[in-house]
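# Fold and geometry: a report
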Amino acid sequence: MMTNPKITVALTTYNRPVYLKLAIEAILSQSFSEFEFFILDNGSDIETEELVKTYTDKRIKYLRNNINSKAFIDVVWNLANEDYLIITHDDDIMKKDMLEKELAILDNFHDVVAVSCNTTFIDSNGNIIKEKSLPLDSPLKINQFEYCHYLLNKGIYITFPSLLMRKSFFIKNNLKFESQVGPGSDTYLWMKANLLPSSFYIIEEPLYYYRIHDKQDSFINKNSLSSDLFEALFDLFVDARYLKNLDRITNRLLKNYVINYYFKLITKEIYNKKIDILITKLKFIKHQNKLLILLFIFKNFVLLFKVYYSILLRERVLESKFKVY
């Protein structure tokens, strides 16, 4: 019987009972066992509920949503009763000592508001694709304002379902997932949190099996994820008057617009509208921030010109390809 549980584990699931069984058993087998365990069923078929009922562990609390909804995940903020919270996924697997090692960081580093770890990529059958997802040989502490730099310049990111959070920090600052951002709402949340006085911590050791397959949300929505996320980050950083990495975000946006247009994922009308909106925002930044160096604006308009030129070039190529002589 638990005397002083410190962690709330929330496992989200939707119609993946085979993977869910592996995820549940890995959580129940953790070396640190003092936690409450919510299984959040986001409108699955009856097989999921039947599977959960086969477990008699008193730590398990089952909650089912009547429909499948992206907003369902936010119920966890009110459900979680303990100091620390992790929201993990049904298609992934925790290694045995993940909670124990992440808890030790939060207990010993009081400025750290969340800790994640390196991950091992596995395929749909559980075979290892890549032993370490991040190029880390030692622990990494990410201080205030630094996460954008690590993500855009070094390709180092926080793996959401492995992240153990200090719940009070997120509640106090009203930090929740914002569904309008799209599939990248977790990255947006970490960026927003990192604009506040706080630190994140990534353990270099891979303590989590992250499954790569064609049914996961990030795979299905990867095209919209990039554009929706970076559009939201652009506005977030401008509103916060944090402009240090805005040129990198602008560059990512422009490249994504070109790719989406080139592969006919968006129409020419939508492409032109997005470019016009971006130009307007850049002009506004220049007007509102007198100290913003002109070189920054010039660099972005050079990028805009390159994008425009690439579209013209593509259209000329298509015209010549299908021209009848």
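Residue positions are given per chain, counted from 1 along the sequence in the order it is written. Side-chain atom pairs in this predicted model are given and counted only at pLDDT of 80 or more, local residue features only at pLDDT of at least 70, and totals for whole chains, interfaces and linings cover all residues. To obtain the side-chain values, all non-hydrogen atoms of the structure were included, while hydrogens and water were left out.

### Quick notes on the overall build of the protein chain
On a plain count of helices and strands, the protein chain comes out with 12 helices and 10 strands. Between buried and exposed lies partly exposed: a residue is buried under 20% and exposed over 50% of the maximum accessible area for its type, with that area taken using a 1.4 Å probe on protein chains only. When each of the 325 residues of the protein chain is scored for burial, the buried share is 49%. Here a residue-residue contact requires only that any non-hydrogen atoms of the pair lie within 4.5 Å. Taking the contacts inside the protein chain whose residues are at least 6 apart along the sequence as the reference set, 74% of them involve residues at least 24 apart. Per element, the accessible surface of the protein chain, about 17,000 Å² overall, is 56% carbon and sulfur. For helices the rule is a DSSP run of H or I covering at least 4 residues; for strands it is a run of E covering at least 2, with both sets numbered from the N terminus onward. Here, Shrake-Rupley sampling with a 1.4 Å probe gives the accessible areas, and only protein chains in the shown set may cover a residue.

### Re the nonpolar core
Take the buried residues of types Ala, Val, Leu, Ile, Met, Phe, Trp, Tyr and Cys, join any two whose side-chain atoms come within 4.5 Å, and each joined set is a nonpolar core. Counting residues in each nonpolar core, the largest one holds 61 residues, and the members touching the most others are Met165, Phe170, Trp190, Phe234 and Phe237. At eight residues, the largest contribution of residues to this core is made by helix H9 (residues 222-239). Look past the residues within four positions of phenylalanine 234 in its chain and what remains in contact with it is Leu246, Ile249, Thr250, Leu253, Leu278, Lys281, Leu282 and Ile285. Among the nonpolar cores identified, the runner-up in size contains 34 residues, and Leu28, Ile39, Leu51 and Leu99 belong to it.

### Points about the pattern of salt bridges
When a carboxyl oxygen of Asp or Glu lies within 4 Å of a side-chain nitrogen of Lys or Arg, that pair is called a salt bridge. Following the criterion strictly, the structure yields 15 salt bridges and no others. A salt bridge links arginine 59 to aspartate 57; the shortest N-O distance between them is 2.8 Å. We classify arginine 59 as buried; its relative accessible area is 13%. Through salt bridges with shared partners, a single ionic network connects Arg16, Asp90 and Asp91.

### Points about unusual backbone geometry
Of note, the phi angle at phenylalanine 145 is positive, near 75°, even though the residue is not glycine. Relative to the elements of secondary structure, phenylalanine 145 occurs in the loop between strand E8 (140-142) and helix H5 (147-154). We note that arginine 241 has phi near 60°; this positive angle belongs to a residue other than glycine. As for its placement among the helices and strands, arginine 241 is situated in the loop between H9 and helix H10 (246-262). We classify arginine 241 as exposed; its relative accessible area is 56%.

### Digging into the side chain of aspartate 92
Summarising the element assignment, aspartate 92 is placed in the loop between strand E4 (84-89) and strand E5 (93-94). Charge counting follows a simple rule: Lys and Arg are positive, Asp and Glu are negative, and His as well as the terminal groups are ignored. It turns out aspartate 92 is buried and unbridged, and the closest side chain with the opposite charge, arginine 211, is 5.5 Å from it. For this analysis, a polar contact is any N or O atom pair within 3.5 Å, provided that within protein one partner can donate a hydrogen and the other can accept it, and provided that sequence-adjacent residues contribute only side-chain to side-chain pairs. Among the polar contacts listed, one links the side chain of aspartate 92 to the backbone nitrogen of arginine 211, at a separation of 2.9 Å. With residues near it in sequence (within four places) discarded, aspartate 92 still touches Ala23, Pro161, Tyr208, Tyr209, Tyr210 and Arg211.

### What about the confidence of the model for the protein chain?
Every residue carries a pLDDT, the predictor's confidence in it, which falls somewhere between 0 and 100. The pLDDT averaged across the protein chain works out to 87; a share of 83% of its residues lies at or above 70. Here residues 290-295 scores under 50 on pLDDT; set against residues more than four positions off or in separate chains, the count is four contacts. With pLDDT under 50 throughout, residues 317-325 is counted as low confidence; its partners more than four residues away or in other chains account for zero contacts.

### Here we look at the packing of H5 against H10
At a minimum axis separation of 10 Å, H5 and H10 run at an interaxial angle of 45°. The angle between H5 and H10 places the two elements in the oblique class. When you trace H5 past H10, the crossing you get is left-handed. Contacts between H5 and H10 involve Cys148, Leu152 and Asn153 from the first element and Arg248, Ile249 and Arg252 from the second. An axis is simply a line fitted to the C-alpha atoms; with a helix, the fit covers only the stretch in contact. Between two such axes, the angle follows the N-to-C directions and lies from 0 to 180 degrees. Angle categories are assigned with fixed cut-offs, so that under 35 degrees is roughly parallel, over 145 is roughly antiparallel, 65 to 115 is roughly perpendicular, and the rest are oblique. Left-handed describes a crossing in which the near helix is turned anticlockwise from the far one by less than a right angle; the clockwise case is right-handed.

### Notes on the packing of H5 against helix H7 (residues 185-194)
Their axes nearest at 9 Å, the elements H5 and H7 cross at an angle of 135°. Classified by the angle their axes make, H5 and H7 are oblique. Residues Tyr147, Cys148 and Leu151 of H5 pack against Thr187, Trp190, Met191 and Asn194 of H7.

### Description of the environment of leucine 22
Counting through the fold element by element, leucine 22 comes out in helix H1 (residues 17-28). Taking the C-alpha atoms as reference points, leucine 22 and aspartate 91, 69 residues apart in sequence, are found 8.1 Å from one another. For leucine 22, the residues in contact, after removing those within four places along its chain, are Ile93 and Arg211.

### What to know about H7
For H7, a buried count of nine out of 10 residues is recorded, marking the element as mostly surrounded by other parts of the structure. Listing the buried residues of H7 in full gives Ser185, Asp186, Thr187, Tyr188, Leu189, Trp190, Met191, Ala193 and Asn194.

### Section: the packing of aromatic side chains
Centres within 6.5 Å make a pair out of two Phe, Tyr or Trp rings, where for Trp the six-membered ring is used; the pair is then stacked when the planes are under 30 degrees apart, edge-to-face when over 60, and tilted otherwise. Enumeration over the complete set of coordinates arrives at 16 aromatic pairs. Residues tryptophan 190 and phenylalanine 200 carry aromatic rings whose centres are separated by 6.5 Å and whose planes lie at 65° to one another, so their mutual orientation is edge-to-face. Residue tryptophan 190 is located in helix H7, and its partner phenylalanine 200 is located in strand E10 (residues 199-211); the two are separated by 10 residues in the primary sequence. Comparing tryptophan 190 with phenylalanine 200 shows no difference in burial state: the two are buried. Counting as a charge over the ring demands two things of the Lys NZ or Arg CZ atom: a distance within 6 Å of the ring centre and an angle within 35 degrees of the ring normal. For lysine 95, the ring lying beneath its charged end belongs to tyrosine 209, and the centroid distance is 4.6 Å.

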